[in-house]
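Examining the three-dimensional arrangement
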Amino acid sequence: MGFLQLRDVTINDAGILFGWLKDPEAMRWAFSPRERESRTLQEHVDWLVAWIQKNQLSEFRDYWWVLDDEDSLTPLGQIRLERKVLTAKSFDAGLDFSISGRECFVVSLIVDKAHRRKGYGSLMLQIAGGRVMDADLPLLAFIREGNEASVRAFGVAGYRETWRGEWMGQRAVVMEG
């Protein structure tokens with residue numbers, strides 16, 4: 001392992017990001033895998049270009065980074081922080097209303113399959129959290145129940161469980177950092 005850098009996503013990352021979206025193990029834990037599975041590379045490129053352009057113009061930006069091993073020029077994973085205001089309709093009737101109505105960053109994370117279980121997920125979470133501290137918004141991760149590797153990674157990064165229930169039609173654990 002060489003020098004690691006968390007850098008902004010660019011259009012040049014379209015291929016690797018697309019590959020991660022097609023990774024069966026990563027999509028096994030996704031909340032909307034069908035939408036991603038059916039996306040073509042060109043649709044993904046178009047979506048990424050629109051995301052980059054929208055984000056450059058937005059006062060309230062989202063963040064999306066790739067973790068690179070600079071020595072081997074290897075992308076190790078990606079982390080995205082999407083600014084949202086959570087609404088009750090996103091949850092089941094058992095919603096903890098301390099979550100509903102909150103502005104936050106929703107965290108999504110993928111580590112390349114060749115580099116899983118090496119601490120890169122927790123590292124990305126720690127670096128990303130430090131970069132957005134001044135936004136003064138909580139970081140929330142919605143993790144499908146059963147995804148113990150993600151629960152551990154978020155826990156190592158200092159996140160704590162705040163809620164369990166239905167999220168997008170799936171059982172989920174919410175961890176806040």
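For the structure given in this document, a descriptive report is provided here. Everything numeric in this text was worked out from a predicted model, so none of it was measured.

Time to look at the overall build of the protein. The helix and strand inventory of the protein stands at 6 helices and 7 strands. Residue burial in the protein is summarised as follows: out of 177 residues, 44% are buried. When contacts within the protein are restricted to residue pairs at least 6 apart in sequence, those whose partners lie at least 24 apart make up 64%. Surface accessibility of the protein: about 9,400 Å² in total, with carbon and sulfur atoms responsible for 52%.

Side-chain positions along a regular strand alternate between the two faces of the sheet. Bridge analysis of strand E6 (residues 160-167) against strand E7 (residues 170-176) gives 7 bridges, and the strand direction is antiparallel. The residue bridging Gly 165 from the neighbouring strand is Ala 172, located in E7. What sits between the antiparallel neighbours E6 and E7 is a turn of 2 residues, in which Met 168 has the positive phi angle 55 degrees.

Scanning all chains against the criterion turns up 5 aromatic pairs. Here the aromatic rings of Trp 47 and Trp 64 are separated by 5.6 Å at their centres, their planes lie at 70 degrees, and the arrangement is edge-to-face. One end of the pair, Trp 47, is in helix H4 (residues 41-57); the other, Trp 64, is in strand E2 (residues 63-69), and 17 residues separate them in sequence. Accessibility expressed as a relative area gives 29% for Trp 47, which makes it partly exposed. Taking relative accessible area as the criterion, Trp 64 reaches 6% and is therefore assigned buried. A ring pair is formed by Trp 51 and Trp 64, whose centres lie 5.1 Å apart and whose planes are at 85 degrees; its orientation type is edge-to-face. Here Trp 64 lies in strand E2 and Trp 51 lies in helix H4, a separation of 13 residues in the sequence. Judged by relative accessible area, which is 9%, Trp 51 ranks as buried.

Along the chain, Glu 25 falls in helix H2 (residues 24-28). Since its relative accessible area comes to 36%, Glu 25 is described here as partly exposed. Separated by 88 residues in the primary sequence, Glu 25 and Lys 113 have C-alpha atoms spaced 8.1 Å apart. A polar contact of 3.4 Å, which involves the side chain of Glu 25, links it to the side chain of Trp 29.

All right, on to the sheet that holds strand E5 (residues 139-144) then. Taking strand neighbours across the sheet as the criterion, the 7 strands line up as E1-E2-E3-E4-E5-E7-E6 in an open arrangement whose pairing is mixed. Unpaired on one side and paired on the other, strand E1 (4-8) and E6 mark the two borders of the sheet. Recorded for the sheet is a direction-independent mean angle of 30 degrees between the axes of neighbouring strands. Note that E1 and E2 share 5 bridges and pair antiparallel. Across the sheet, the residue bridging to Arg 7 is Val 66, located in E2. Relative to E2, H4 is tilted by about 115 degrees, and along the sheet it contacts E2 and strand E3 (74-85). Relative to the sheet, helix H6 (residues 148-156) contacts strand E4 (103-111), E5 and E7, its axis offset from that of E5 by approximately 160 degrees.

Conventions and cut-offs
Residue numbers restart at each chain and count upward from 1, following the sequence in its written direction. Thresholds applied to this predicted model are a pLDDT of at least 70 for local features of residues and 80 or more for the giving and counting of side-chain atom pairs; totals over whole chains, interfaces and linings are not thresholded and use all residues. Side-chain metrics in this entry use all non-hydrogen atoms of the structure; hydrogen atoms and water are not considered. Numbering of helices and strands runs from the N terminus, with a helix taken as a DSSP run of H or I at least four residues long and a strand as a DSSP run of E at least two residues long. Relative accessibility decides the category of a residue: with a 1.4 Å probe and only protein chains considered, values under 20% of the type maximum give buried, values over 50% give exposed, and everything between is partly exposed. A contact between two residues is defined here by any heavy atoms of the two lying within 4.5 Å. The Shrake-Rupley method, run with a 1.4 Å probe sphere, supplies the accessible areas, and residue values consider only the shown protein chains as cover. Only strands that DSSP links by at least two bridges are regarded as paired with each other. Between the rings of Phe, Tyr and Trp (Trp by its six-membered ring), a pair exists once the centres lie within 6.5 Å; its type follows the angle of the planes, with under 30 degrees stacked, over 60 edge-to-face, and the other angles tilted. A 3.5 Å cut-off defines polar contacts: any pair of N or O atoms within that distance qualifies, except that in protein one atom must be a possible hydrogen donor and the other a possible acceptor, and neighbouring residues in sequence count only when both atoms are side-chain atoms. Angles shown run from 0 to 180 degrees and are taken between the N-to-C directions of axes, each axis being a line fitted to C-alpha atoms and, for helices, limited to the stretch in contact.

Purely spatial values, then, with no claim about function.
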